[in-house]
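Remarks on the overall topology
Read off the chains here:
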Amino acid sequence: MDDLLRPVVVAPMAGGPTTTALVKGAAGAGAVGFLAAGYKKPDDVEAELREMSGIPFGLNIFVPMPPAPDVEALERYRRLLRPEAERFQVDLPPLRLDDDDSFGAKVALAETYAVPLVSFTFGVPERAIVERLQRAGCRVLVTVTEADEARRALAVDPDGLIAQAGAAGAHSSTTDPARFRGDSTAEAVLAEVRALTGKPVVVAGGVMSAAGVSQLLEKGASAVQCGTAFLLADEAGTRKAQRDAMLHGTYRKTVITRAFTGQPARGLANRFTETYSAAAPIGYPAVHHLTAPIRAAAARAGDAGSLNLWAGTGHAQARTGTVADLVGHLMP
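Residues numbered from 1 in each chain as written. Predicted model: local features only at pLDDT ≥ 70, side-chain atom pairs only at ≥ 80, totals over all residues. Heavy atoms only, no water.

Side note on the pattern of salt bridges
- Here the structure, examined in full by the defined rule, presents 16 salt bridges.
- Notably, a salt bridge pairs Arg151 with Asp148, separated by 2.7 Å at the nearest N-O pair. With Arg151 and Asp148 both in helix H7 (residues 147-154), this residue pair falls three residues apart, about one helical turn.
- The exposure class assigned to Arg151 is partly exposed, which follows from its relative accessible area of 44%.
- When its relative accessible area of 42% is taken as the criterion, Asp148 is described as partly exposed.
- Each of Arg127, Glu131, Asp157 and Lys199 takes part in a single network of salt bridges with overlapping partners. (Salt bridge = Lys/Arg side-chain N within 4 Å of Asp/Glu carboxyl O. Helix = DSSP H or I, 4+ residues; strand = E, 2+ residues; numbered from the N terminus. Buried < 20%, exposed > 50% of the residue type's maximum accessible area, 1.4 Å probe, protein only.)

Written out as structure tokens, the structure is:
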């Protein structure tokens, strides 16, 4: 798999920031980018795959999460969100507990198009799925956040792992959201995972410079995955409200929150995280669906205080420019 990886991997950023232009630009600059299948309809994923012929790239797929542990807590949270719905004049949807994000269809697309690199987030796919993809010519990576998750992932014999630190922006791939604190560094989680396997390990979390990339490669990483570093890329589909907030330094710290989706995620601390983080239950994707109309309305209104401003701990170092420019700043 090392023949497909590059020192810099552009992370899959679901919900808009990742575009085909971003992934193509990464390939042209000597990096490798991942398309984000999360939240998209299979037809839309397929349309993106058709654009990728002839370049190294990856596709990230969400593994369906276990059922929400406390449905009543979700109902209470729904009631708590009513003032937000009224604020933006939108309807709160009923609880949706059965969304698997078209997992089977997206795996089938990765197999059909023989996607060079396929990564999984939020859990470990079945061994049979890993074998199917490998027979199709795909190299499979599973995202983990600590040693026990790495052991479970290695049991299905993937081609490699993505070691995601708590410093990373957006959703954590933790399978233990109740205990997740987001305090691990890229160097620490890399060491923890490398101790378990000789397979390639891509490390992610808080890296914003060529020096940071070099340090992790020297520590044994096969590649370093960066997302926040590309949020302001010309080719990224990052919402204008988030771009403006990052450029102007409106929000200066990040927090781990379940307020927007029910799964721990790191983003810029704003009015919404301060108001709802303490009350937000575990329950992805049910909470994601509850807050979706609020977030969409906030984006239309340019209200960054009510948006999920996903970003890692290095957000203040994010640069503007083409993806090629940004890759150049990260290459060792």
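A closer look at the side chain of Asp101
- With respect to the helices and strands, the residue Asp101 is situated in the loop between helix H4 (82-88) and helix H5 (103-112).
- Once residues lying within four places of it in the same chain are set aside, the contact partners of Asp101 are Ala37, Gly38, Tyr39, Lys40, Phe62 and Lys106. (Contact = heavy atoms within 4.5 Å.)

Concerning the nonpolar core
- Counting residues in each nonpolar core, the largest one holds 66 residues, and the members touching the most others are Tyr77, Leu81, Val193, Val203, Leu216, Phe230 and Phe272.
- The leading source of residues in this core is helix H12 (residues 286-301), at six residues.
- The residues touching Tyr77, leaving out its near neighbours within four places in the chain, are Ala259, Phe272, Tyr276, Ala279, Ala280, Pro281 and Val287. (Core = buried A, V, L, I, M, F, W, Y, C linked by side-chain atoms within 4.5 Å.)

Observations regarding unusual backbone geometry
- Backbone torsion omega between Tyr284 and Pro285 reads 5 degrees, so that peptide bond is classified as cis.
- On the secondary structure map, Pro285 appears in the loop between helix H11 (271-276) and H12.
- Phi is positive for Asp101, which is not a glycine, with a value near 55 degrees.
- Positive phi, normally seen in glycine, also occurs at Asp157, with a value near 55 degrees.
- Assessed through its relative accessible area of 33%, Asp157 is described here as partly exposed.

As for the packing of helix H2 (residues 42-50) against H5
- Close contact between H2 and H5 brings their axes to 10 Å; oriented N to C, the two are set at 20 degrees. As judged from the angle between their axes, H2 and H5 are roughly parallel. Where H2 crosses over H5, the two elements pack in a sense that is right-handed. For the pair H2 and H5, the contacting residues are Pro42, Val45, Glu46 and Leu49 in the first and Ala105, Lys106 and Leu109 in the second.
- Residues that form the contact of H2 with H5 fall into these classes: five nonpolar, no polar and two charged. (Axes fitted to C-alpha atoms, helices over the stretch in contact; angles between N-to-C directions. Parallel < 35°, antiparallel > 145°, perpendicular 65-115°, else oblique. Left-handed = near helix turned anticlockwise from the far one by under 90°. Nonpolar A, V, L, I, M, F, W, Y, C, P; charged D, E, K, R; others polar.)

In short, geometric facts, not functional conclusions.
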